[in-house]
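# A closer look at the structure
So the chains spell out like this:
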Amino acid sequence: MFGWGVGIDPIGAVAYGRGGFQEGLSMSESVVPPRSFQEIILRLQSYWGVRGCAVLQPYDMEVGAGTFHPATTLRALGSKSWAAAYVQPSRRPTDGRYGENPNRLQHYYQYQVLIKPSPPNLQELYLGSLRAIGIDMELHDIRFVEDDWESPTLGAWGLGWEVWCDGMEVSQFTYFQQVGGHDCRPVSGELTYGLERLAMYVLGVDHVMEMPFNDPASPIALKYGDIFRQTEQEYSRWNFDQADTDMLLQHFKDAEAECERILAAEVTDKVGRRIIMAHPAYDQCIKASHLFNLLDARGVISVTERQAYIGRVRDLAKKCADAFVTTEAGGGEAIGAGVGGVPV
Amino acid sequence: MPELLIELLSEEIPARMQAKAAFDLKRIVTDGLVEAGLTYASVGAFSTPRRLVLSVEGLSAESKSVREERKGPRVDAPIAALEGFLRSTGLSKDQLELRDDKKTQVYFAVIEKPGRAAAAVVADVLDGAVRNFPWPKSMRWGTTSLRWVRPLKSILCLLVDEGGALVVDLDIDGIKAGNTTEGHRFMGAGRFAVTSFEDYRAKLWKARVMLDAAEREAHIWQGATNLAFAAGMEVVEDKDLLAEVAGLVEWPVPLMGRIGEDFLSLPPEVLQTSMKEHQKFFSVRNPKTGRVEGFVTVANVETTDHGATILKGNQKVLSARLSDARFFWENDLRVAKAGMGDWLLGLEAVTFHNKLGSQAERIARIVALGRELAPLVGALPDKVEAAAQVAKADLRSEIVGEFPELQGLMGMYYAREAGMDETVAKAARDHYSPLGPTDDVPVEAVSVAVALADKIDMLTGFWAIDEKPTGNKDPFALRRAALGVIRLLLVNGVRGSLSSILSKGYAGANVSELLIFLHDRLKVFLKYQGIRHDIIDACLAMPGNDDLVLLVKRVQALQGLMATEDGTNLLQGFKRANNILTQAEAKDGIEYSFGADLKFAESEEEKALFKALEAAEQVIGPAMKLEDFATAMGAMAQLRAPIDAFFTAVQVNSDNAILRRNRLNMLHHIRVVCGGVADLARLEN
């Protein structure tokens, strides 16, 4: 038993250098099994942080997947190098099951890693992260099974695999080829871990609500269900039965209009600074995407309309991508914030 | 003679692409070697999830030098001609030779192509092969501009002869060819060097990689059947799955597990589909009960606990999947036992096509059409109606939502649960059939009626809204539906006018145009069975061609006749008669359809033909009424000798106008008699 304040030291030896990203752990190095959901997250944060990724925080908006975070979608564009890792709470309203289904949630967590250009040892790095969370390669069967990723709402696609551990899909591994209709040059490598599912497997739990969120030996041990069962119920009801569809439709139109308006705005601001508002516009695109998901869960979008809505979100994503690549962060002609501007 | 070994090591190649990629590598490299003037004795291509490998034996060490002479312009030709010649040969003027030619002199270019060492040729050929490889889908990675199916990690390229192994000097976008590779991702021990194909294969084996996919397949199958046998069970054979699984592992380790008791009540097809689609498991059957009770999964590693953890994990995933399936099945059973009403109601909300209404509307059309078709196929209209009502109900079931490929089959189970007639249940299962040129065609009357109505509604519906297949675009699989109609009619001998059947389908379809489409599909289908297209045309030109059963009977009889010498000779005679007659008709502007008169027949041959025609007519008329084409064609074949004799002895275009007219009328008689059987004029010789 241990009390508050006793835990693991998340920062080990620095495992990167001039040579690029290093795996760090050897094949056979055995790892103490983690005991909780949060420990798995902390170990991933530590693992990727030690290897040189900027450990970012979740994006503060409702998104359907970690890919929507601008640290992935926008930063996969343009020529600048990038390495980021973060947890992203994700919402898929149609997957809500009132907290009853052992494997389905309308709100869940993804762990997302994006490295640009994709390092040559990305597969080994990824396998190292599985070892770090207690998956022993001497005992388990890890497989890379073809799975081409496509996001119709983001106008993005890539080639890669779903990664299987003993027959279970634990991650998505993708080399981005296109985002927002732009070819990715250089190519980013993207890793997405479905955290609940992965953790349930590592921790040997059959129902997500039974999974220890903090250490089960903590003074106040909390299970996943203690934190999320009630919210799953509440959101399932709202998503399926109560969300005001007229309001959501209006919000969708508003987000769409605002996105387009921001992007069409004069590049030069009131005092002569050149500022392209790619990120604020992209926020509106994210909003529209989530509103579409909510409308879908309410069952008010017909099969034929569906494609049209997806197309509208994709148009926004493309316009945001077009704008981003002209900014400094997007590797454009350095016409982003501050350059050549007038000091305030 | 040197041996060539090539290995292209990459991140995991999709299983479905491996075999073709190995074949393509073989083709592209060997074509390139041969084109460059090298020869080889034998070649082998291999693939694993991470590598494409080529082994060439008996390769020539260098290509022979080639001397080529090319004749150029005359010395007095315009300067532009000479310049052109220099450009095309890549030589300068002082490198050309002047030779005497007739009365002038002509420039000659002598181009010496020295022989090239095999290593140089291989480097060029492999460079080209990698850069232009025909992957169905390829990608870039990192900062490269090179494309490969997944990131290419290393290239091994060795030329081996008595002197030892030589690494071919090759660098493709920074990947330099070498003599090393690595073994299994988890069980190998780092990179190692190889000296020959034999050495490579042996070291790979030690590093836990089975190079040959066929060997992996054999290993998997043997391992799986042994495991099953030891437990008194048998593995359900699945060749596609076997090939796929062999492409997912470099070192196959089959492991067998049991399906939990709780799941054994699920239909075996549900178990099998779930295990195959989601987890690539083989199904294991209890031969005594015929039930699927176990599975074999194929791991890619040997573990210290002999696969116990892996099996446990897989079992857990399976249980989660099957829990879902059982949950769906149990929900479905509730709806089914209540008569499937919820689903039928639900189908009102499912759009079939935005211009063709909902699935419920489509079902109403199939019911109505099915009733009309029932008498044609010998079914009771009420039974057909009952079957058509529920045949598509399972589209709303949760199991079909999860496994669309089980549509129809689940309908059968649910119809049974609803207490419906077995003919109704079977119709639900079979009404999508046949789905291709070779699969089984339903033969039970109710199934046939619903299957026909289903497809005719599709065809007439999409014709009515002008969504026909064009070129290679056939998004609604209408060609397949048309072939389905054809095979249903033929196999079941369904008689009647297809035009009138089609006109009872979706209103507004252009029936004659649709009939042409169906005839085209029939031609493709028959051609596939080895029937000449002109024979089909000759029969299509006959009346009643929208009765496909009749049409095909005629086609088969004519095909039979044309396979005989009598048949081909008769055709010659017929064509000769027809040509002469056609010319005369064109010249004289009349039709010689008055009937010949025996009294104007001059020679014996004329008389004989006259009688033969009458005799043939006696047989052909009644035979045609009975649709006995074989007899009719046999009688027609009897005309061969008299027609031949007639043309040998008689000149049709006699100076005597009466004789000529009588003979032309006789030729017309040939046309009429033969024309009643098939339009022979459309046949090619």
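I will try to describe carefully the structure that is included in this document. (Residues numbered from 1 in each chain as written. Chains lettered and ligands numbered in written order. Predicted model: local features only at pLDDT ≥ 70, side-chain atom pairs only at ≥ 80, totals over all residues. Heavy atoms only, no water.)

Within chain B, the secondary structure is distributed over 25 helices and 18 strands. In summary, chain B has a C-alpha radius of gyration of 36 Å against a globular reference of 26 Å for 685 residues, an excess of more than 25%. Expressed as a percentage of contacts within chain B between residues at least 6 apart in sequence, the contacts between residues at least 24 apart total 68%. Entry remark: accessible area of chain B is about 30800 Å², with carbon and sulfur atoms responsible for 51%. (Helix = DSSP H or I, 4+ residues; strand = E, 2+ residues; numbered from the N terminus. Rg over C-alpha atoms; globule rule 2.2 N^0.38 Å. Contact = heavy atoms within 4.5 Å. Areas by Shrake-Rupley, 256 points an atom, 1.4 Å probe, with all protein chains shown as cover.)

We now examine the sheet that holds strand E7 (residues 152-161) of chain B. In sheet architecture, strand pairing relies on hydrogen bonds along the backbone and comes in two forms, parallel and antiparallel. Residue and element names in this part refer to chain B. Reading across from one edge, E2-E3-E1-E7-E8 is the order of the 5 strands in this open sheet, with antiparallel pairing throughout. With one partner strand each, in any of the chains shown, strand E2 (42-48) and strand E8 (164-167) form the two edges of the open sheet. Each strand of the sheet is rotated relative to its neighbour by a mean of 15 degrees, with strand direction disregarded. Direction of pairing for E2 relative to strand E3 (residues 51-57): antiparallel, over a ladder of 7 bridges. Of the residues in E3, the one forming a bridge with Ala45 is Leu54. Contacting strand E1 (3-10), E2, E3 and E7, helix H4 (residues 197-206) runs over the sheet at an angle of about 150 degrees to E3. (Pairing = 2+ DSSP bridges. Axes fitted to C-alpha atoms, helices over the stretch in contact; angles between N-to-C directions.)

Turning to the packing of aromatic side chains, a few remarks are in order. With the rule as written, the count across this model stands at 37 aromatic pairs over all chains. Centre to centre, the rings of Phe46 of chain B and Phe197 of chain B are 5.6 Å apart; their planes meet at 20 degrees, and the pair counts as stacked. Of the two residues, Phe46 of chain B sits in strand E2 while Phe197 of chain B sits in helix H4, which places them 151 residues apart along the sequence. Each ring, one from Phe281 of chain B and one from Phe295 of chain B, has its centre 4.5 Å from the other, and the planes form 10 degrees; the classification is stacked. Taken as a pair, Phe281 of chain B in the loop between helix H7 (268-279) and strand E15 (282-285) and Phe295 of chain B in strand E16 (residues 292-299) lie far apart in primary sequence, 14 residues in all. Linked through ring pairs, Tyr111, Tyr126, Phe144, Trp161, Phe173, Tyr175 and Tyr193 of chain A together constitute an aromatic cluster. Above the face of the Phe108 of chain B ring, Arg99 of chain B is positioned so that its terminal group lies 4.3 Å from the ring centre. Its guanidinium or amino end placed over the ring of Phe352 of chain B, Arg362 of chain B lies 4.6 Å from that ring's centre, counting from NZ or CZ. (Phe/Tyr/Trp six-rings, centres within 6.5 Å; stacked < 30°, edge-to-face > 60°. Lys NZ or Arg CZ within 6 Å of the ring centre and 35° of its normal.)

Moving on: helix H4 (residues 195-203) of chain A. Think of an α-helix as turning once every 3.6 residues; residues three or four places apart then point the same way. Residue and element names in this part refer to chain A. Here H4 lies mainly inside the structure; 7 of its 9 residues are buried. Within the span of H4, buried status applies to Leu195, Glu196, Leu198, Ala199, Met200, Tyr201 and Leu203. Trailing H4 by a residue or two, Gly204 shows a phi angle of about 70 degrees, which is positive. (Buried < 20%, exposed > 50% of the residue type's maximum accessible area, 1.4 Å probe, protein only.)

What follows concerns empty space enclosed by the protein. Applying the stated criterion across every chain yields a total of 4 cavities of 30 Å³ or more. The volume enclosed by the largest cavity comes to roughly 100 Å³. Lining the largest cavity are 13 residues, with Arg143 and Trp164 of chain A together with Gln279, Thr297 and Val298 of chain B positioned closest to its centre. Counting only elements with at least two residues in the lining of the largest cavity, the list comes to E16 and helix H8 (308-337) of chain B. When grouped by side-chain class, the residues that make up the lining of the largest cavity number 5 nonpolar, 4 polar and 4 charged. (1 Å grid on protein atoms, 1.4 Å probe; cavity = no way out; pocket = protein on both sides within 12 Å on 5 of 7 lines; lining within 4 Å. Points joined across faces, edges and corners; volume = space filled by probe spheres on them. Nonpolar A, V, L, I, M, F, W, Y, C, P; charged D, E, K, R; others polar.)

Glancing now at unusual backbone geometry. With an omega of -5 degrees, the peptide bond between Arg185 of chain A and Pro186 of chain A qualifies as cis. Relative to the helices and strands, Pro186 of chain A resides in the loop between strand E10 (182-183) and strand E11 (189-194). The residue after Ser433 of chain B, namely Pro434 of chain B, is reached through a cis peptide bond having omega -10 degrees. Here Pro434 of chain B is to be found in the loop between helix H14 (422-430) and helix H15 (445-464). Unusually for a residue other than glycine, Tyr98 of chain A sits at a positive phi of about 55 degrees.

Attention now goes to the layout of surface pockets. Residue and element names in this part refer to chain B. Taken as a whole, the second largest pocket holds about 620 Å³ of empty space. Looking at the second largest pocket, it is lined by 25 residues, and the ones nearest its centre are Gln407, Tyr432, Leu435, Asp454 and Arg480. Counting only elements with at least two residues in the lining of the second largest pocket, the list comes to helix H10 (359-377), H15 and helix H16 (478-492). Among the residues making up the lining of the second largest pocket, the classes are represented as 11 nonpolar, 4 polar and 10 charged.

To continue, consider the pattern of salt bridges. Residues and elements named next belong to chain B. Under the criterion given, the structure shown has 74 salt bridges over all chains. Among the ionic pairs, Asp76 bridges to Arg74, the shortest N-O distance being 3.2 Å. Note on Arg74: relative accessible area 46%, which makes it partly exposed. The salt bridge partner of Asp597 is Lys599, with a shortest N-O separation of 3.2 Å. Through salt bridges with shared partners, a single network forms among Glu7, Arg50, Arg51, Glu182, Arg191 and Glu250. (Salt bridge = Lys/Arg side-chain N within 4 Å of Asp/Glu carboxyl O.)

Residue and element names in this part refer to chain B. Judged by pairing direction, the sheet is antiparallel, and its 4 strands sit side by side in the order E13-E15-E16-E14 without closing on themselves. The two strands at the open ends of the sheet, each matched to only one other strand, are strand E13 (234-235) and strand E14 (253-258). Sheet topology note: the E13/E15 ladder contains 2 bridges and is antiparallel. Bridge pairing in E15 links Glu234 to Arg285. Packing of helix H5 (residues 213-230) onto the sheet brings it into contact with E13, E14, E15 and E16, and relative to E14 it is tilted by some 30 degrees.

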